[in-house]
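Here is how the chains run, residue by residue.
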Amino acid sequence: MGKSEPGSKSFVISKRLVWEAFCQVKANRGAPGVDRQSIAAFEDDVKNNLYQIWNRMSSGTYFPPPVRAVEIPKADGGVRVLGVPTVADRVAQTVVALTLEPRTEAIFHRDSFGYRPGRSQHHALATCRERCWKKDWVIDLDIQKFFDSVDHDLMVKAVEANTDQAWVVLYVKRWLVAPLQLADGSLVARDRGTPQGSAVSPVLANLFMHYAFDLWLEREFPTVEFERYADDAVVHCVTERQAREVLAGLEVRMVEVGLRLHPDKTKIVYCKDDNRRGRFDITSFTFLGFEFRCRTARNRQGKLFDRFLPAVSPVALKRLGQRLREMRIHRKTGHSLDELAAELNPVVRAWMDYYGWSFRSQLFPLLRRVNAYLARWARNKYKRLRSHHRLQAWWYGVLDREPELFAQWRWAPNFYGGG
């Protein structure tokens, strides 16, 4: 990375830390930023590139470039703006995130699950499921435009309270105000918020919510429990009255810290199942892509019963179906089966690993659609398979020879016609 020693630098930053940050950025992959430099291109001259980052950060002269704005369609018809920093900026941000992590991990609440080592969305979902069985009422919280609305002064105060490194605070301040570059090249100045998608945003968001939400809720309502994943949170209450009191308090608290609960998406939910006979208008909620509601299941004795359980949400299924259509599998007649499997399997396996965590049967219709697209591909590629009988024979022949060729065949191997 270079031979210069840090003796004359304003700040002491380890070169090894910069290298570890790069390794993490490389593992996470990601798109190029405003300079259009890919990770592969950055790695072509990695020694000099990392030295420049270390040298500028150590001397206090590192200034982040604009963040490339990318619009991602949301299920409700709106768009979410992601900020894509350059590869070099992601490395610099990761240096700060790694520096803050030991301290923040020591103070973060046990029920904060987002973007933390050793914790995952499935951990949050499993905890939520168990608490829904124990407590009858849930507050499904939706913080309106969290990443666009976070107060910079409060964010900096949260960082200052958890580090004695002046350079960490300096660069956090600079990242918070780094402009967004839109698709037409114009720059948008920012005086609030932190770009969703940047390497340092997760730890900053968790720090902010640690003080704004976690500690406040634990102090003001010590008997309630919650799960929080970044800005997405669920609160469990014993009674409807308690739920309404907690929600009223949270509405005030969010305003105090410069945020706002979404008036339409935030709601109180009754966790109705066989053991709960009460009536309430709202009996389901969605958390981390899973819809929690009353579902019929079998106990260990094989008897059917109704239990409040999570499964892939209809909104998530619709989004996955759209992604499947966009892949246009049936049109790729120039591909071989192996090439199709190489393209499809990482995507489908990720769906199965995540959404198959609970009530996997709700995912089966989507997996059958994958099979239907494959059948259409076979018919388009081989004219002799236009006959349903021949197509079916071909399908089960491939399945018999290579039962693990396609990821979805683990759960949905059957032939369902040409789609």
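Further up the page is the structure itself.
A quick note: this is a predicted structure, and the numbers were derived from the prediction, not measured.

S.K.: Can you help me understand the overall build of the protein chain in this one?
M.R.: Along its length, the protein chain carries 14 helices and eleven strands. The C-alpha extent of the protein chain, read off along each of the three principal axes, is 75 × 60 × 40 Å. Taken across its 419 residues, the protein chain has 47% of its residues classed as buried. Within the protein chain, counting contacts between residues at least 6 apart in sequence, those at least 24 apart form 68% of the total. Counting every atom, the protein chain has about 21000 Å² of accessible surface; 49% of that belongs to carbon and sulfur. In the protein chain, 65 positive and 48 negative side-chain charges are present, and the distance between their average locations comes to 7 Å.

S.K.: Help me understand the side chain of Arg 295, please; the structure alone is not making it clear to me.
M.R.: Note on placement: Arg 295 falls in strand E10 (residues 290-298). Those residues in contact with Arg 295, other than ones at most four positions away along the chain, are Phe 305, Asp 306, Arg 307, Leu 309, Pro 310, Ala 311, Phe 359 and Gln 362.

S.K.: For this particular structure, what's the right way to read helix H8 (residues 166-177)?
M.R.: The periodicity of an α-helix, 3.6 residues per turn, causes residues three or four positions apart to be oriented the same way. Here H8 contains twelve residues, and its C-alpha end-to-end distance of 17 Å stays within 8% of the 16 Å for a straight helix at 1.5 Å per residue. Of the residues making up H8, those classed as buried are Trp 167, Val 168, Val 169, Tyr 171, Val 172, Arg 174, Trp 175 and Leu 176. Turning to H8, the residues buried within the fold contact helix H3 (46-59), helix H4 (87-107), helix H7 (152-160) and helix H9 (201-220).

S.K.: I'm lost on the pattern of salt bridges in this one. Help?
M.R.: Any two side chains of opposite charge can pair, on the condition that their charged atoms come close. Evaluated as defined, the whole model comprises 19 salt bridges. Residues Asp 136 and Arg 276 are paired through a salt bridge, measuring 2.7 Å at the closest nitrogen-oxygen approach. Of the two residues, Asp 136 is situated in the loop between helix H5 (121-134) and strand E3 (137-142) and Arg 276 in the loop between strand E8 (267-270) and strand E9 (285-287); the sequence distance between them amounts to 140 residues. Accessibility expressed as a relative area gives 26% for Asp 136, which makes it partly exposed.

S.K.: Would you take a moment to explain unusual backbone geometry for this structure?
M.R.: In terms of backbone geometry, most residues other than glycine have negative phi values and most peptide bonds are trans. Within the chain, Arg 36 stands out as a residue other than glycine whose phi angle is a positive 65°. Residue placement: Arg 36 occurs in the loop between helix H1 (15-28) and helix H2 (39-44). Under the relative-accessibility criterion, Arg 36 is labelled exposed at 58%. Backbone geometry places Ala 230, a non-glycine residue, at a positive phi of 60°. Using a relative accessible area of 3% as the deciding quantity, one classes Ala 230 as buried.

S.K.: Help me understand the pairing of E3, please; the structure alone is not making it clear to me.
M.R.: The two faces of the sheet receive side chains in turn, since in a regular strand these alternate between them. Taking burial as the measure, the six residues of E3 include five buried ones, the bulk of the element. Relative to E8, E3 runs antiparallel, the two sharing four bridges. Opposite Ile 139, over in E8, you have Ile 268 as the bridge partner.

S.K.: Sorry, what's going on with the side chain of Ser 112 here?
M.R.: Looking at the element boundaries, Ser 112 is found in the loop between H4 and H5. A relative accessible area of 0% places Ser 112 in the buried class. In terms of polar contacts, Ser 112 uses its side chain to reach the side chain of Arg 228, at 3.0 Å.

S.K.: Can you help me understand the packing of aromatic side chains in this one?
M.R.: Two aromatic rings are characterised by how far apart their centres lie and by the angle between their planes. The tally for this structure, following the rule as stated, stands at 24 aromatic pairs. Here the aromatic rings of Tyr 51 and Trp 54 are separated by 5.7 Å at their centres, their planes lie at 40°, and the arrangement is tilted. In this pair, Tyr 51 and Trp 54 are both assigned in helix H3, three residues apart and thus about one turn of the helix distant. Each member of the aromatic cluster is reached from another via a ring pair, and the members are Phe 290, Tyr 354, Tyr 355 and Trp 357.

S.K.: Hey, could you run me through the packing of helix H11 (residues 314-327) against helix H12 (residues 337-355) in this one?
M.R.: Relative orientation and spacing of two packed helices are given, respectively, by the angle between their axes and the distance between those axes. In contact at an axis separation of 12 Å, H11 and H12 are set at 175° when each is read in the N-to-C sense. For the element pair H11 / H12, the angle class is roughly antiparallel. Only Glu 343, Leu 344, Val 347, Trp 351 and Tyr 355 of H12 make contact with H11, whose side of the interface consists of Ala 316, Arg 319, Leu 320, Arg 323, Leu 324 and Met 327. For the contact of H11 with H12, the class distribution of residues is eight nonpolar, no polar and three charged.

S.K.: Looking at this structure, how should I read the nonpolar core?
M.R.: Nonpolar side chains in soluble globular proteins tend to be buried together. In this structure, Met 57, Phe 213, Leu 217 and Val 235 are the most contacted members of the largest nonpolar core, which totals 69 residues. When sequence neighbours within four positions are dropped, the list of residues in contact with Leu 217 reads Pro 222, Val 224, Phe 226, Val 235, Val 246 and Leu 250. The next biggest cluster of nonpolar side chains, apart from the first, holds 55 residues, and it includes Leu 344, Val 348, Leu 374 and Phe 415.

S.K.: Teacher, can you tell me more about H4 here?
M.R.: The end-to-end C-alpha distance of H4, which contains 21 residues, comes to 30 Å, matching closely the 30 Å that a straight helix rising 1.5 Å per residue would cover. In the structure, H4 departs most strongly from a straight axis at Glu 101, where the bend amounts to approximately 45° and where the proline Pro 102 lies between one and four residues downstream.

S.K.: Would you take a moment to explain the packing of H1 against H3 for this structure?
M.R.: Their axes nearest at 10 Å, the elements H1 and H3 cross at an angle of 120°. In terms of their interaxial angle, H1 and H3 are classed as oblique. Relative to H3, the crossing made by H1 is right-handed. The residues of H3 that touch H1, namely those facing Lys 15, Val 18, Trp 19 and Phe 22, are Val 46, Leu 50, Ile 53 and Trp 54.

S.K.: For this particular structure, what's the right way to read the sheet that holds E8?
M.R.: Strand pairing in a sheet relies on backbone hydrogen bonds, with the paired strands running either antiparallel or parallel. Overall, antiparallel pairing links the four strands, which are arranged E6-E7-E3-E8 in an open sheet. Whereas interior strands pair on both sides, the edge strands pair on one side only; in this sheet they are strand E6 (225-229) and E8. Here the average twist between neighbouring strands, direction ignored, is 20°. Of the strand pairs in this sheet, E3 and strand E7 (residues 232-237) are connected by six bridges, and their pairing is antiparallel.

What counts, and at which threshold
Residues numbered from 1 in each chain as written. Predicted model: local features only at pLDDT ≥ 70, side-chain atom pairs only at ≥ 80, totals over all residues. Heavy atoms only, no water. Helix = DSSP H or I, 4+ residues; strand = E, 2+ residues; numbered from the N terminus. Buried < 20%, exposed > 50% of the residue type's maximum accessible area, 1.4 Å probe, protein only. Contact = heavy atoms within 4.5 Å. Areas by Shrake-Rupley, 256 points an atom, 1.4 Å probe, with all protein chains shown as cover. Lys, Arg positive; Asp, Glu negative; His and termini not counted. Charge placed at Lys NZ, Arg CZ, Asp CG, Glu CD. Expected span 1.5 Å × (residues − 1). Salt bridge = Lys/Arg side-chain N within 4 Å of Asp/Glu carboxyl O. Pairing = 2+ DSSP bridges. Polar contact = N/O pair within 3.5 Å; in protein donor to acceptor, adjacent residues only side chain to side chain. Phe/Tyr/Trp six-rings, centres within 6.5 Å; stacked < 30°, edge-to-face > 60°. Axes fitted to C-alpha atoms, helices over the stretch in contact; angles between N-to-C directions. Parallel < 35°, antiparallel > 145°, perpendicular 65-115°, else oblique. Nonpolar A, V, L, I, M, F, W, Y, C, P; charged D, E, K, R; others polar. Core = buried A, V, L, I, M, F, W, Y, C linked by side-chain atoms within 4.5 Å. Bend = angle between axes of the 7 residues up to and from the residue. Left-handed = near helix turned anticlockwise from the far one by under 90°.

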